[in-house]
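Below are the chains, spelled out letter by letter.
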2 protein chains.
Amino acid sequence: MAAMNPVDLIRKKRDGKELSRAELESLILGLAEGTVLDYQLSAFCMAVFFRGMTPAETAALTHAMLSSGAVIDLSELPRAKVDKHSTGGVGDKVSLCLAPLVAASGVAVPMVSGRGLGHTGGTLDKLEAIPGFNVNLSLARFRTIVAEVGTCMIGQTPELAPADKRLYALRDVTATVESIPLIVASILSKKLAEGIDALVLDVKVGRGAFMKTLPEARALAEALVSVGTAANKRVSALLTDMSKPLGLTIGNAIETREAFAVLHGGGPADLVECTLALGSEMLRLGGVATTEDEARAQLLVAIRSGAAARVMERMIEAQGGDPRVLEEPDRLPRAEAQVEVPAPRTGFVTAVDALELGLTAVSMGAGRTRADQAVDHAVGIELMATVGSEIRAGEPLARLHLRSASHAPAFLARVTNAFAIADAAVVPQPLVIERHLSR
Amino acid sequence: MAAMNPVDLIRKKRDGKELSRAELESLILGLAEGTVLDYQLSAFCMAVFFRGMTPAETAALTHAMLSSGAVIDLSELPRAKVDKHSTGGVGDKVSLCLAPLVAASGVAVPMVSGRGLGHTGGTLDKLEAIPGFNVNLSLARFRTIVAEVGTCMIGQTPELAPADKRLYALRDVTATVESIPLIVASILSKKLAEGIDALVLDVKVGRGAFMKTLPEARALAEALVSVGTAANKRVSALLTDMSKPLGLTIGNAIETREAFAVLHGGGPADLVECTLALGSEMLRLGGVATTEDEARAQLLVAIRSGAAARVMERMIEAQGGDPRVLEEPDRLPRAEAQVEVPAPRTGFVTAVDALELGLTAVSMGAGRTRADQAVDHAVGIELMATVGSEIRAGEPLARLHLRSASHAPAFLARVTNAFAIADAAVVPQPLVIERHLSR
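Residues numbered from 1 in each chain as written. Chains lettered and ligands numbered in written order. Predicted model: local features only at pLDDT ≥ 70, side-chain atom pairs only at ≥ 80, totals over all residues. Heavy atoms only, no water.

**Section: the overall build of chain A**
Counting its regular elements, chain A contains 16 helices and 13 strands. Taking 2.2 N^0.38 as the reference for a compact globule, 439 residues should give roughly 22 Å; the C-alpha atoms of chain A span a radius of gyration of 22 Å, in line with that estimate. The principal-axis extent of the C-alpha atoms belonging to chain A is close to 70 × 45 × 40 Å. In chain A, which comprises 439 residues, the proportion classed as buried is 58%. Put simply, of all contacts in chain A between residues at least 6 apart along the chain, 77% involve residues at least 24 apart. With an accessible surface of roughly 16100 Å², chain A has 53% of that area assigned to carbon and sulfur atoms. Averaging the positions of the 45 positive and the 50 negative side-chain charges in chain A gives two centres separated by 2 Å. (Helix = DSSP H or I, 4+ residues; strand = E, 2+ residues; numbered from the N terminus. Rg over C-alpha atoms; globule rule 2.2 N^0.38 Å. Buried < 20%, exposed > 50% of the residue type's maximum accessible area, 1.4 Å probe, protein only. Contact = heavy atoms within 4.5 Å. Areas by Shrake-Rupley, 256 points an atom, 1.4 Å probe, with all protein chains shown as cover. Lys, Arg positive; Asp, Glu negative; His and termini not counted. Charge placed at Lys NZ, Arg CZ, Asp CG, Glu CD.)

**Some words on the environment of Lys13(B)**
Residue and element names in this part refer to chain B. Within the element layout of this structure, Lys13 appears in helix α1 (residues 6-14). Owing to a relative accessible area of 2%, Lys13 belongs among the buried residues under this scheme. Note: C-alpha distance between Lys13 and Met53 (40 residues apart in sequence) is 8.6 Å. Setting aside residues no more than four positions away along its own chain, Lys13 makes contact with Leu19, Phe44, Ala47, Val48, Arg51, Gly52, Met53 and Glu57.

**Some details on the relation of the copies chain B and chain A**
Structural alignment of chain B on chain A gives an RMSD of 0.0 Å, achieved by rotating through 180° and translating 0.0 Å along the axis. With respect to symmetry, the two chain copies, as superposed, fit the operation of a two-fold axis. Closest to the rotation axis within chain B is the C-alpha of Tyr39(B), separated from it by 1.9 Å. When you check the interface residues of chain B against chain A, 100% turn up at the interface there too, and the contact is symmetric in its surfaces. (Least-squares fit on C-alpha atoms with pLDDT ≥ 70 in both.)

**Description of helix α8 (residues 162-172) of chain A**
All of the buried residues along α8(A) are Ala163(A), Asp164(A), Leu167(A), Leu170(A) and Arg171(A). Seen end-on, α8(A) carries its buried residues on one side only, within an arc spanning 130°. (Arc of directions from axis to C-beta.)

**Notes on helix α13 (residues 292-304) of chain A**
All names here are of chain A. Its 13 residues give α13 an end-to-end C-alpha distance of 18 Å, which sits within 8% of 18 Å, the value for a rise of 1.5 Å per residue. Taken residue by residue, α13 has Ala295, Arg296, Leu299, Ala302 and Ile303 as its buried positions. All buried residues of α13 project into a common sector of 120° when viewed along the axis, lining one side. Exposed positions of α13 whose direction lies more than 90 degrees from the buried face are Asp293, Val301 and Arg304. Backbone geometry just after α13 places Gly306 at a positive phi near 85°. (Expected span 1.5 Å × (residues − 1).)

**Let's talk about the sheet that holds strand β9 (residues 380-383) of chain A**
All names here are of chain A. Pairing in this open sheet of four strands is antiparallel, and the strands run β6-β9-β11-β7 from one edge to the other. The sheet terminates laterally at β6 (249-251) and β7 (337-342), the two strands that pair on one side only. On average, adjacent strands in this sheet sit at an angle of 15° to one another, irrespective of strand direction. Relative to β9, β6 runs antiparallel, the two being bridged by three bridges. Note on β9: the bridge partner recorded for Ile250 is Ile381. Most of the contacts of helix α15 (residues 354-364) go to β9, to which it runs at about 140°, and overall it touches β6, β9 and β11 (396-402). (Pairing = 2+ DSSP bridges. Axes fitted to C-alpha atoms, helices over the stretch in contact; angles between N-to-C directions.)

**Things to note about unusual backbone geometry**
Residue and element names in this part refer to chain A. Residues other than glycine seldom take positive phi values, yet Ala161 does so here, at roughly 40°. By the element assignment, Ala161 lies in the loop between β3 (151-155) and α8. With relative accessibility at 0%, the residue Ala161 sits in the buried group.

**As for the interface of chain B and chain A**
Facing 22 residues of chain B, the contacting portion of chain A comprises 22 residues. Interface of chain B and chain A: buried area, both sides summed, is about 1800 Å²; carbon and sulfur atoms make up 71% of it. Counting the surface chain B buries against chain A, the share from its top three residues, Arg14(B), Tyr39(B) and Phe50(B), is 34%. Between the two partners, chain B and chain A, sit nine residue pairs in polar contact (both at pLDDT 80 or more). Mapped onto the side of chain B that touches chain A, the elements with two or more residues apiece are α1, α3 (38-51) and α8 (162-172) of chain B. Counting residues per element, the side of chain B that touches chain A draws most heavily on α3(B), at ten residues. Classifying every residue of the side of chain B that touches chain A by side-chain character gives eleven nonpolar, four polar and seven charged. (Buried area = accessible area lost by both parts, 1.4 Å probe. Polar contact = N/O pair within 3.5 Å; in protein donor to acceptor, adjacent residues only side chain to side chain. Nonpolar A, V, L, I, M, F, W, Y, C, P; charged D, E, K, R; others polar.)

**Describing the pairing of strand β2 (residues 109-113) of chain A**
All names here are of chain A. Counting buried positions along β2 gives five out of five residues, so the element sits mostly inside the fold. Neither face of β2 is open: one carries Val109, Met111 and Ser113, the other Pro110 and Val112, and all of them are buried. When β2 meets β3, the two strands line up parallel, connected through five bridges. Paired with Pro110 across the bridge in β3 is Cys152.

The structure is reproduced here in structure tokens:
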């Protein structure tokens, strides 16, 4: 086959024609080979933004990006391998309680996660709040821990889908992030590289999510399920609410502590529900439960018996962390100052703005606006009221965790204004909005 | 003013919003400063391809590209300065006879031209067929020759609209050439840098042109006139036919020879008409004639008196060439072999495919497919019949000018097939299809 001219491939997409698998491969693999240049791929991404991609094109793009690197071979593990991916939100610490819980229930969870960027947090930052915890392991070590413990949580390595890393960096600086086929290929190429049998997707919807509206989130969920299924994986997607933060904490150490509470049988109701809903899908796809009720029952047993907490301890220990944090969470970093945010009036909390609180937490140092920034694991926002809470003027809406009480004035008004308080209560939105199941 | 984030500007265009003059300037000038990167500008160009630009945006983009370099100061010249730009075609040697003719009629013509690329020829390549002719002059020397001779024809220099050079190279490899606002800004930024008072545009329409259809060509002409007028220039655009080659020659030396014939009062009717139509617009815009009839009369006087030919001789001499070529055109390079292409049947020529003949001439060596290729000035295709000609089977349709007669078989069928011959004659399309005049 003659070398394909990247200009012709860009023009073809620009003019709304469908690219073949070979054409998409030559574009993506050409980036590493130097036959396709950054400025050509960014123009291509913009053409995709306007023209979209067919399901076949999205599947081929995903495959090409997956093929740019290694696929972890977990085939010698007897257990089903199932992972979860969230499209990102505020207060989303689900992975930290979900992975050990599902592993304790008989399904292996090989999890490659990301860091926080912008208003959304990242699993790696939350894990690193645990003293000594190392997210940078070799793939060989990752495989060993998954085999021995049942789960392991690391960051993306240079071996896995390197084309995605390069393409994402390019999209980020060329206003081409918001394209469903490009998002799907980015998510799935990384997740399929984990060597999994099945994948559950948590597609967040609402102000604090990447997808602000139900139709957008539904389109993304459908595309993820369809392309994942085309790649011979069992895939489910849940659309879950991200109009308000998930759980009652936003920050790294305080979110990790809240995830530990779930493993101990506590934790806020929405976080528990999100964990059980996603976990039961993972058990179902992993073949250790046939119905949701059965799966939920197994998960609750794994919590009550302490099995889930024991898996978490073993994983922390295997990854160099201090396993005592699970039973002694005061060993997690703690901010020097706690400052309460009083309610300005009496009434019912009718909305909590996840986006604004996420951005405020970033300003406090809990997150980053550029990929190369460090985060402060100790700081964050603890909610003391949420949608549905009845509150009296002067009672605390939230507690700020700060390096110094002198930092509080910069954040008080923003946090106060993120709460809507009215005379009448509203019925909170259910956490799981829709399910998109593969076959 | 805070530095503008290029990502925000790309997103704004992507989402169909109008960019301000300052925003477009920061994008274009940022390219040279390194604050805007190639892959950002290519994504921006693709967004412009889909979203277009308002007239104000196109004018601002033109201004930003013009501002990236120097503007030649010809203000000390007492005469009006008017140039012509053609969007490019096959056999288009008009500049070579037009510039000296208009200069001989009292309007200065400072002309910065281009080279051939793809199926279209370029003025610089045709000029370089003249022994010794130098198109690479300093701007100071250019100014002196325009002042003393009335016209000078050079290639683009690094000082003039450098942003256009960089942007065009980027568009060429990212499938973003075909965008009217980007074409308009590219043409006008270079032409306005010449220090002209007015500009006449020859927008070619048809198979051999960049714009294949009348609506496309009309949209380009209207945009050129409107943006040029917004830049305080008098601008006219003529839409002229490029379904068949202009004149009877395609190649460098043979086209230069045909242009000389026009200066001597001869030449094919369509070439003469194109030259007079554009020339009379230039005289009108330059203020030395008020009506087209008056302008045409002045141009014919300049031809008949020999004044136009004398300007050409002086320009050739000033640019290092051998001025004797004008009266002794056999001094131009001549191919070793001439091979006639016989008509396959008797009838009337109803069409001559300009695109196919342009591409064939490139294959013969007369043009280039990449900007860094050299051209053979001697080779080309001479038409011996054109639309409307009556022809008998076996009589010559064309004469190939080749380095060796052994090359002929590769081209005979292509040239033959470029001629449509039918039993009945058709009325040839008029050369000038439409006029778009500024104010």
